Amino acid sequence: MDDKIVIKGNRSGLSAIINMNKFSGFEEMLEHLLTKLSRGKRFYKNSTLTISTNLSSINEKNLIHLKEVLFNEIEIKDIILQDESSKDKDKKTFTGVYEGRTKFLRKTVRSGQCINYNGNIVIVGDINSGAEVVATGNIIVLGSIKGNVSAGANGNAKAIIAAFSLQPEILKISDIATLSPDSEKPQYPEVAKIKDGAIIVEPYLPNKYIY
């Protein structure tokens, strides 16, 4: 029986339970995962894939590569990462993008759409004006935020919101909300966080916030 990677179907899509201890490294695991998923590619296309594994054994660069391969080769719609090395997962405070549950979406969230997730959200795309994204963890957008965003919705004051272009209509972290200032479009990625009871925005330094 192959217990290195177990693929199961569920109501929300697919789940892959990966035992990293059974592999010599990331590349071997990825090759094995692609082989298993490729067998049912036509059924898995546009599905949500939840990956449960020990994320501490996979670095950030490899996680990004994993996402891109699954998006491009298997045509997965979105990916959720579950860190099996974390204890009390449901009670865990989200302090980094790769801690706890993380939902990856490769799309633009359009006006009228709402995404609500119990964990971190990473969006490869934009959040348009009139759209809403709510997360109990962090919100990271590899694009522009022009809609309404709320991070740390469960009261987590350590949550952050980061984007290549941060121009939200309403930005909220925990129970503190603010409106976007009337200023020019930012020329560099920015991050919003709570400091001294207020939301501040500063240049985004990934190594400082994501680990």
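Taking an unreviewed UniProt entry as the reference, the chain is identified by name as Probable septum site-determining protein MinC belonging to Clostridium sardiniense. Looking at the Function (unreviewed entry) heading of the UniProt record, one finds this comment for the chain: "Cell division inhibitor that blocks the formation of polar Z ring septums. Rapidly oscillates between the poles of the cell to destabilize FtsZ filaments that have formed before they mature into polar Z rings. Prevents FtsZ polymerization."

Q: What is the right way to look at the pairing of strand 3 (residues 48–53) in this model?
A: Sheet faces and side chains relate simply in a regular strand, where the side chains alternate between the two faces. For strand 3, the tally of buried residues reaches six of six residues, placing the bulk of the element in the interior. Covered by surrounding structure in strand 3 are Thr48, Thr50 and Ser52 together with Leu49, Ile51 and Thr53, the residues of both alternating faces. With four bridges connecting them, strand 2 (residues 13–18) and strand 3 associate as parallel partners. Bridged to Ile17 within strand 3 is Ser52. Both strand 3 and strand 4 (residues 78–83) contribute to a ladder of six bridges, which runs parallel. Each bridged residue has a counterpart across the sheet, and for Leu49 the counterpart in strand 4 is Ile79. In this fold, strand 3 hands off to helix 3 (residues 60–74), which returns the chain to strand 4; that crossover is right-handed.

Q: What am I meant to see in the pattern of salt bridges here?
A: A pair can form between side chains of opposite charge whenever their charged atoms are brought close. Enumeration according to the criterion identifies three salt bridges in this entry. Across the pair Lys22 and Asp3 runs a salt bridge, and its minimum N-O distance is 3.7 Å. With a gap of 19 residues between them, Lys22 in the loop between strand 2 and helix 1 (26–38) and Asp3 in the segment before strand 1 (5–10) connect regions that are remote in the sequence. Its salt-bridge partner being Lys103, residue Asp78 comes within 3.3 Å of it at the nearest N-O pair.

Q: Just to check I follow, could you spell out the nonpolar core for this structure?
A: In terms of nonpolar packing, the biggest core is built from 33 residues, with Leu33 and Leu70 touching the most fellow members. Put simply, the parts of the chain that give this core at least two residues each are strand 2, helix 1, strand 3, helix 3 and strand 4. Non-local contacts of Leu70, meaning those with residues more than four positions away in its chain, are made with Leu33, Leu34, Leu37, Leu49, Ile51, Glu75, Ile76 and Ile79. Core analysis: the next-biggest nonpolar cluster, separate from the first, contains 24 residues, Ile121, Ala135, Ala151 and Ala159 among them.

Q: Looking at this model, I keep getting lost on the sheet that holds strand 6 (residues 114–117). Mind explaining?
A: Strands sit in the order 6-8-10-12-13 across an open sheet of five strands; the sheet is mixed. Of all strands in the sheet, those with a lone pairing partner are strand 6 and strand 13 (176–179), marking the two edges. Going from strand to strand, the sheet's axes swing by 5° on average, the running direction of each strand aside. Here three bridges tie strand 8 (residues 132–135) to strand 10 (residues 148–151), and the two strands are oriented parallel to one another. Within strand 10, the position partnered with Val134 by the bridge is Ser150.

Q: I would appreciate a short explanation of the packing of helix 1 against helix 3 in the present structure.
A: Each packed pair of helices is defined by two parameters, the angle between the axes and the distance between the axes. Contact geometry of helix 1 with helix 3 gives a least axis separation of 11 Å together with a crossing angle of 20°. As far as their axial angle goes, helix 3 and helix 1 are roughly parallel. Here helix 1 and helix 3 pass one another in a crossing that is right-handed. In contact with Phe26, Leu30, Leu33, Leu34, Leu37 and Ser38 of helix 1, helix 3 contributes Asn62, His65, Leu66, Val69, Leu70, Glu73 and Ile74. In terms of residue class, the contact of helix 1 with helix 3 is built from nine nonpolar, three polar and one charged.

Q: Whenever I open this one, unusual backbone geometry confuses me. Can you help?
A: Note on backbone geometry: most residues besides glycine have negative phi, and most peptide bonds are trans. Unlike most non-glycine residues, Ser174 shows phi in positive territory, near 55°. Note on placement: Ser174 falls in the loop between strand 12 (170–173) and strand 13. Ser174 sits in the buried class, given a relative accessible area of 12%. Here the phi dihedral of Asp196 falls at roughly 55°; this positive angle occurs in a residue that is not glycine. Topologically, Asp196 is positioned in the loop between strand 14 (190–195) and strand 15 (198–203).

The rules behind each value
Residues numbered from 1 in each chain as written. Predicted model: local features only at pLDDT ≥ 70, side-chain atom pairs only at ≥ 80, totals over all residues. Heavy atoms only, no water. UniProt positions renumbered as here; feature names shortened; annotations may be inferred. Buried < 20%, exposed > 50% of the residue type's maximum accessible area, 1.4 Å probe, protein only. Helix = DSSP H or I, 4+ residues; strand = E, 2+ residues; numbered from the N terminus. Pairing = 2+ DSSP bridges. Right-handed = clockwise from strand over helix to strand, strands pointing away. Salt bridge = Lys/Arg side-chain N within 4 Å of Asp/Glu carboxyl O. Core = buried A, V, L, I, M, F, W, Y, C linked by side-chain atoms within 4.5 Å. Contact = heavy atoms within 4.5 Å. Axes fitted to C-alpha atoms, helices over the stretch in contact; angles between N-to-C directions. Parallel < 35°, antiparallel > 145°, perpendicular 65-115°, else oblique. Left-handed = near helix turned anticlockwise from the far one by under 90°. Nonpolar A, V, L, I, M, F, W, Y, C, P; charged D, E, K, R; others polar.

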